[in-house]
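# Fold and geometry: a report
Here is how the chains run, residue by residue.
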Amino acid sequence: MANIIVVGAQWGDEGKGKIVDVLSERFDVVARYQGGNNAGHTVVVGDEKVVLHLIPSGILRKGKTCVLGNGVVIDLGELIQEMDQLEKLQVKFEGHFFISRRAHLVLPYHKLLDVAHEQRATKKIGTTGRGIGPAYVDKMARVGIRVGDLHQPNLFKERLSQNLAEKRAQYPESKTLSGLEVDRMFEDHLRHFERIRGFLADGSLVLDRFMREGKRVLFEGAQGTLLDVDLGTYPYVTSSSATAGGACTGTGVSPKRIDGILGICKAYTTRVGEGPFPTELTDETGERIRERGAEFGATTGRPRRTGWFDAVGVRYAARVNGFDAIALMKLDVLDGLDPIRVCTGYRYRGETLIELPNETDILAECEPIYESLPGWTESTVGALEEKRLPPTCQAYIRHLEELVGVPFTLISTGPRRDQTIVRSNPLWDSWGLA
């Protein structure tokens, strides 16, 4: 039995959806532990491209069970749209999908507050406007509304009215908040509730039962380590715990039940929204990586910022998460680039830094220290064996491993689930995945 956490090692968008889809064949259950529909996981199955925002990508594997944990915030309307999309692809939910009653709701006023706060802010965060941050704010302020609260309509309506009155007082200038109707929100959510009530469960208890039965659980997060609310580049972060620790608090599973942690990173770096990005490329090379890597947000369509691989950031992510292994994504995007640069440290006011600074304003002033490595001209797209990769490409992979200090056990050479190199490693045997 192996229960594994999948964690992004950069600023999100690393390709977790594909890896969860690839690995879910060898697992019984996939559990989502944080975030909301502000992130999209793209999976390509054959010629079909599927973008999932809430439901774990393991749902696309026949017979697999998916769980939305208590750490997730859920927009019920968006969830139902996603379920409708998947049902058209013949996905069966009955008996294979569970929603934690403790998961908090993203309500219409959260989305309006998200936009209003960003407009007010002197320093923009670059949120998606999906209401995720305000939903987590209410959760921490202990005024949030959970999915299970819909079992008591009268209490739900009372708390809905109180919260809306409070938000209107907070933003008296907002005409959109003034225009929201409690009765309409109440009726809409009771209708949504009827659609999903059969899937509600004690998520922690469900996962415990599965694990006691010897089933393997794969824990899937959204965003990445550098966007974690505690350990990321604050305040330019998400509003939840995107690191491995969040998997336990976000599902109600003991850390003792976790057998391994798999990090996911790209062969380069991307970031969406505001915040420091030491290796960012704003030239033709950056644009080439963006176009070749299709670096546009799955949720918003916004172009992602692109840059060279930052070994400092990934090494930091490896330390705070305790990665046992890493999946290296989008290697093929670097085909034809020569030289390829890798950031091994930062310069800050005459000093050399080899660790990620805690202070975001310091990181914003850091200049990358680069190593230049030879590129390769041959195509790596679809390669299934490491020996098929160009020698300089193999050397690039080995050098990144040395810099990060963690072995790369999976190497992605294209968007499809079958375009993946699985390297022989004792770790897979210990996890029972060989």
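Report on the accompanying structure. What you are looking at is a predicted structure, and each value in this text was computed from that prediction instead of being measured.

Right, let's talk about the overall build of the protein chain for a bit. Per the secondary structure count, the protein chain includes 14 helices and 21 strands. Expected size for 434 residues packed as a compact globule is a radius of gyration near 22 Å; at 22 Å, the protein chain falls within 12% of this value. Across its three principal axes, the protein chain shows a C-alpha extent of roughly 65 × 50 × 40 Å. Put simply, the protein chain has 434 residues, and 59% of those count as buried. If you sum the accessible surface of the protein chain, you get close to 18300 Å²; carbon and sulfur atoms cover 48% of it.

The next subject is the packing of aromatic side chains. Taken as a whole and assessed by the stated rule, the structure comprises 7 aromatic pairs. Here phenylalanine 97 and phenylalanine 199 contribute two aromatic rings whose centre-to-centre distance is 5.6 Å and whose plane-to-plane angle is 55°, an arrangement assigned as tilted. In this pair, phenylalanine 97 sits in strand S7 (residues 97–100) while phenylalanine 199 sits in the loop between helix H7 (182–196) and strand S9 (200–201), placing the two residues 102 residues apart along the sequence. Judged on exposure class, the residue phenylalanine 97 and its partner phenylalanine 199 are both buried. Centre to centre, the rings of tryptophan 376 and tyrosine 396 are 5.9 Å apart; their planes meet at 55°, and the pair counts as tilted. Of the two residues, tryptophan 376 is situated in the loop between strand S19 (367–373) and helix H13 (391–404) and tyrosine 396 in helix H13; the sequence distance between them amounts to 20 residues. Tryptophan 376 sits in the buried class, given a relative accessible area of 2%. You can call tyrosine 396 buried: its relative accessible area is 1%. Cluster of aromatic residues (ring-pair linked, three or more members): Phe93, Phe97 and Phe199. Taking the ring centre of phenylalanine 186 as reference, the NZ or CZ of lysine 157 above it sits at 5.0 Å. Looking at arginine 209, its charged tip hangs above the ring of phenylalanine 210, at a distance of 5.2 Å from the centre.

The subject of this paragraph is helix H8 (residues 203–212). The complete set of buried residues in H8 reads Gly203, Val206, Leu207, Phe210 and Met211. Buried residues along H8 cover an arc of 130° about the axis, so they all sit on one side. Exposed positions of H8 whose direction lies more than 90 degrees from the buried face are Leu205 and Arg212. Of the surrounding elements, those touching the buried residues of H8 are strand S2 (29–32), strand S5 (65–68), S7, S9 and strand S10 (217–220). The opening residue of H8 is aspartate 202, an N-cap whose side-chain oxygen sits 3.2 Å from the backbone nitrogen of serine 204.

With that settled, consider helix H10 (residues 284–292). Along H10, the residues that are buried comprise Gly286, Ile289 and Arg290. Here the buried residues of H10 occupy an arc of 100° about the axis, which is enough to place them on one side. For H10, the secondary structure elements touched by its buried residues are strand S13 (280–281) and strand S14 (305–307). The residue sitting at the N-terminus of H10 and contributing the capping side-chain oxygen is aspartate 283; that oxygen lies 3.2 Å from the backbone nitrogen of threonine 285.

A few words now on the sheet that holds S14. Reading across the sheet, the 3 strands line up as S12-S14-S13 and stay open at both edges, with antiparallel pairing between neighbours. Of all the strands in the sheet, the pair left with one neighbour each is strand S12 (269–271) and S13. Bridge count between S13 and S14: 2 bridges; the pairing is antiparallel. Following the sheet pairing, leucine 281 is matched in S14 by threonine 306. Most of the contacts of H10 go to S14, to which it runs at about 110°, and overall it touches S13 and S14.

Here the focus is empty space enclosed by the protein. Unoccupied space between atoms shows up once a probe the size of one water molecule is rolled over them. Summed over the entire model, instances satisfying the criterion amount to 2 cavities of 30 Å³ or more. Taken as a whole, the second largest cavity encloses approximately 40 Å³ of empty space. In terms of lining residues, the second largest cavity is bounded by Val22, Leu23, Arg26, Leu410, Val422 and Trp428. When grouped by side-chain class, the residues that make up the lining of the second largest cavity number 5 nonpolar, no polar and 1 charged.

On the secondary structure map, aspartate 338 appears in the loop between strand S16 (325–329) and strand S17 (340–348). Separated by 238 residues in sequence, aspartate 338 and serine 100 place their C-alpha atoms 49 Å apart. The residues contacting aspartate 338, other than those within four sequence positions of it, are Leu373, Pro374 and Gly375. Within the local environment of aspartate 338, its side chain forms a polar contact with the backbone nitrogen of glycine 375, the two atoms lying 2.9 Å apart.

Right, let's get into unusual backbone geometry. Following tyrosine 234, the chain continues into proline 235 via a peptide bond in cis, with omega recorded as 10°. Relative to the elements of secondary structure, proline 235 occurs in the loop between S10 and helix H9 (245–249). Of note, the bond from aspartate 338 into proline 339 is cis; its omega dihedral lies within 30 degrees of zero at 0°. You can see proline 339 is positioned in the loop between S16 and S17. For glutamine 223, which is not a glycine, the phi torsion comes out positive at approximately 55°. Assignment of secondary structure puts glutamine 223 in the loop between S10 and H9. Taking relative accessible area as the criterion, glutamine 223 reaches 9% and is therefore assigned buried. The phi angle at arginine 349 is positive, at roughly 50°, despite the residue not being glycine. Looking at the element boundaries, arginine 349 is found in the loop between S17 and strand S18 (351–353).

Calculation rules
Residues numbered from 1 in each chain as written. Predicted model: local features only at pLDDT ≥ 70, side-chain atom pairs only at ≥ 80, totals over all residues. Heavy atoms only, no water. Helix = DSSP H or I, 4+ residues; strand = E, 2+ residues; numbered from the N terminus. Rg over C-alpha atoms; globule rule 2.2 N^0.38 Å. Buried < 20%, exposed > 50% of the residue type's maximum accessible area, 1.4 Å probe, protein only. Areas by Shrake-Rupley, 256 points an atom, 1.4 Å probe, with all protein chains shown as cover. Phe/Tyr/Trp six-rings, centres within 6.5 Å; stacked < 30°, edge-to-face > 60°. Lys NZ or Arg CZ within 6 Å of the ring centre and 35° of its normal. Arc of directions from axis to C-beta. Contact = heavy atoms within 4.5 Å. Polar contact = N/O pair within 3.5 Å; in protein donor to acceptor, adjacent residues only side chain to side chain. Pairing = 2+ DSSP bridges. Axes fitted to C-alpha atoms, helices over the stretch in contact; angles between N-to-C directions. 1 Å grid on protein atoms, 1.4 Å probe; cavity = no way out; pocket = protein on both sides within 12 Å on 5 of 7 lines; lining within 4 Å. Points joined across faces, edges and corners; volume = space filled by probe spheres on them. Nonpolar A, V, L, I, M, F, W, Y, C, P; charged D, E, K, R; others polar.

So yeah, pure geometry; function would need other evidence.
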